Amino acid sequence: MSIDIAHFQEELELARDRLNRTIEHHDIGTASLEEETGELLSAADNHLADAATETYERELDEGLEEDAREQLHQVEKALARIESGEYGRCEICGKEIPVERLEAVPWTTLCIDDARKQAR
């Protein structure tokens, strides 16, 4: 079985671009909630539910950004494996990862059997 490296490199580069846009969109940097919303969070100014909604949305953005950064790291590692000639081989058993699995998760480092063992 032969892997179309150019296809997967293109897929990974598209994923990298998408993830960078996602991170940029959700990046709140070091801004405080007050700086981000442009409002004071005093009880006199805002209803408690408004403050809770702002806090929830901020935490959601932080979580989405963190997840995107982790996936971006995995994508960049996969691109490095392409460059080194190691792409498409399971890190544990050394067998070739089936194309179907790479199509589903192009940044994977494990064949399905070893991924299942790791999940236990």
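1. Concerning helix α3 (residues 48-84)
Taking 1.5 Å per residue as the helical rise, α3 with its 37 residues ought to reach 54 Å, and the 54 Å between its terminal C-alpha atoms agrees with that figure. Residues R58, E65, A68, L72, V75, A78, L79, R81 and I82 constitute the buried set of α3. Immediately downstream of α3, the backbone of G85 shows phi near 85°, a positive value.

2. Structural notes on the pattern of salt bridges
Close approach of charged atoms lets side chains of opposite charge pair. All chains considered together, the criterion is met by three salt bridges. The shortest N-O distance in the salt bridge between K117 and D114 comes to 3.7 Å. Of this pair, K117 and D114 both sit in helix α5 (residues 112-119), separated by three residues, roughly a single helical turn. For D114, a relative accessible area of 6% translates into the label buried.

3. Some details on a nonpolar patch on the surface
Residues Y56, L60 and L64 make up a contiguous nonpolar surface patch of about 300 Å² in total accessible area. Inspection of the secondary structure assignment puts L60 in helix α3. We classify L60 as partly exposed; its relative accessible area is 41%.

4. A short note on the confidence of the model for the chain
Residues of the chain with pLDDT of at least 70 account for 82%, and the chain-wide mean is 85. When pLDDT is averaged over each helix and strand of the chain, the minimum, 54, is found for helix α2 (residues 33-37) and the maximum, 96, for helix α4 (residues 99-104).

5. Quick look at the nonpolar core
Of all hydrophobic cores here, the largest spans 20 residues; its most connected members are L12, V75, Y87 and L102. Among the elements of the structure, α1 (5-26) and α3 are those that each provide at least two residues to this core. Residue contributions to this core peak at six residues, all from α3.

6. Concerning the side chain of R81
Structurally, the position occupied by R81 is in helix α3. Within the buried set, R81 has no salt-bridge partner at all; the shortest N-O distance to an opposite charge, 4.7 Å, is to E91. In this structure the side chain of R81 is engaged in a polar contact, spanning 3.1 Å, whose partner is the backbone oxygen of T108.

Analysis parameters
- Residues numbered from 1 in each chain as written.
- Predicted model: local features only at pLDDT ≥ 70, side-chain atom pairs only at ≥ 80, totals over all residues.
- Heavy atoms only, no water.
- Helix = DSSP H or I, 4+ residues; strand = E, 2+ residues; numbered from the N terminus.
- Expected span 1.5 Å × (residues − 1).
- Buried < 20%, exposed > 50% of the residue type's maximum accessible area, 1.4 Å probe, protein only.
- Salt bridge = Lys/Arg side-chain N within 4 Å of Asp/Glu carboxyl O.
- Patch = residues over 30% accessible without salt bridge, like charges linked within 9 Å, V, L, I, M, F, W, Y side chains within 5 Å.
- Areas by Shrake-Rupley, 256 points an atom, 1.4 Å probe, with all protein chains shown as cover.
- pLDDT = per-residue confidence, 0-100.
- Core = buried A, V, L, I, M, F, W, Y, C linked by side-chain atoms within 4.5 Å.
- Lys, Arg positive; Asp, Glu negative; His and termini not counted.
- Polar contact = N/O pair within 3.5 Å; in protein donor to acceptor, adjacent residues only side chain to side chain.

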